[in-house]
Amino acid sequence: MGKQKVAVITGSAQGIGKELAERLAKDGFSIVLSDLNEEILKETEKEFKNNGVNVTSFIGNVSKLEDQNALVKHAVDTFGNIDVFINNAGIEGQVAPLTEVEPKAIDSTLDVNVKGTIYGIQAAGNQMKKQGTGGKIINACSIAGQEGFEMLGVYSASKFAVKGLTQTAAKELAPFKINVNSYCPGIVGTGMWERLDEKMMEHMGTKKGEAFAKFTEGIALGRPQTPEDVANLVSFLASSDSDYITGQNILTDGGMVFN
């Protein structure tokens, strides 16, 4: 029997990241959870251990290269190697027209979503090159990385950046048998969209739930997305079934953005 593969997931204490970790655990991976929220992270780690998952956790800020390198070191020190690294951590930033977005909000969004992805690619890519056995780097993009959305201009810009980083890293790391792809979710009913809905109430004069309803009414498959829908795609990208796919930003949105 072969050695158990190892998956590292940033922003995995809750939400989509937690769902990705749960799915990859079911797929047979050892799991490295990482998040800034220590309390929820420890709760999630305990839950995973109670469910028999081979798991460890690391408190880290993805926008700091030293934290990303330390995360990879922790994974290797604990499990011996890494096979999959998922740059899942992200923030929506300030929900406002571009003419009103504040400098601090711009910086924080780009720090987490863009720098965080770059540093994750660097830390994971260098470790995978050292191992010499290839690997999978999977980034969190978005439908907002395929099309600009009102009130989410800086977030959209950050996800367009992730799309370009995915393509560039795929070209640079292909000689080392490291695949780099991204998943692009649509409207997922998580805490992030609850926050977005509240902020859009302030700027657009909508009532609670109206913004969510507006954005989801045009989904071709007729329903909002679930975290499980995202995990289905990431499970494929983390598996050997995706070995001949790299540099792709794959939509999983139920039919909202078509390209």
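Before reading further, recall that the structure is shown in the block above.
Note that this is a predicted model, so its numbers are computed, not measured.

## Section: the layout of surface pockets
If a probe the size of a water molecule is rolled over the atoms, the empty space left behind becomes visible.
So, step 1. Its boundaries defined by the atoms lining it, the second largest pocket holds a volume of some 290 Å³.
So, step 2. Counting only elements with at least two residues in the lining of the second largest pocket, the list comes to strand 5 (135-140) and strand 6 (178-185).
So, step 3. When its residues are assigned to classes, the lining of the second largest pocket shows six nonpolar, seven polar and five charged.

## Details of the state of the cysteines
So, step 1. Considering all chains together, one arrives at zero disulfides under this definition.
So, step 2. No disulfide involves Cys141; its nearest neighbouring cysteine sulfur is the one of Cys184, lying 3.8 Å away.
So, step 3. Under the relative-accessibility criterion, Cys141 is labelled buried at 3%.

## A closer look at helix 5 (residues 153-173)
So, step 1. Between its terminal C-alpha atoms helix 5 stretches 30 Å, which fits the 30 Å expected from 21 residues at 1.5 Å a residue.
So, step 2. Three or more residues of helix 5 are buried, namely Val154, Tyr155, Ser156, Ser158, Lys159, Val162, Thr166, Ala169, Ala170 and Leu173.

## Digging into the pairing of strand 6
So, step 1. Counting buried positions along strand 6 yields eight of eight residues, so the element is predominantly enclosed.
So, step 2. Residues Ile178, Val180, Ser182 and Cys184 of strand 6 are buried on one face, and the alternating residues Asn179, Asn181, Tyr183 and Pro185, pointing to the opposite face, are buried as well.
So, step 3. You can see the chain leave strand 5, run along helix 5 and come back into strand 6, and the turn it takes is right-handed.

Here is what the cut-offs are and how they apply
Residues numbered from 1 in each chain as written. Predicted model: local features only at pLDDT ≥ 70, side-chain atom pairs only at ≥ 80, totals over all residues. Heavy atoms only, no water. 1 Å grid on protein atoms, 1.4 Å probe; cavity = no way out; pocket = protein on both sides within 12 Å on 5 of 7 lines; lining within 4 Å. Points joined across faces, edges and corners; volume = space filled by probe spheres on them. Helix = DSSP H or I, 4+ residues; strand = E, 2+ residues; numbered from the N terminus. Nonpolar A, V, L, I, M, F, W, Y, C, P; charged D, E, K, R; others polar. Disulfide = S-S within 2.5 Å. Buried < 20%, exposed > 50% of the residue type's maximum accessible area, 1.4 Å probe, protein only. Expected span 1.5 Å × (residues − 1). Right-handed = clockwise from strand over helix to strand, strands pointing away.

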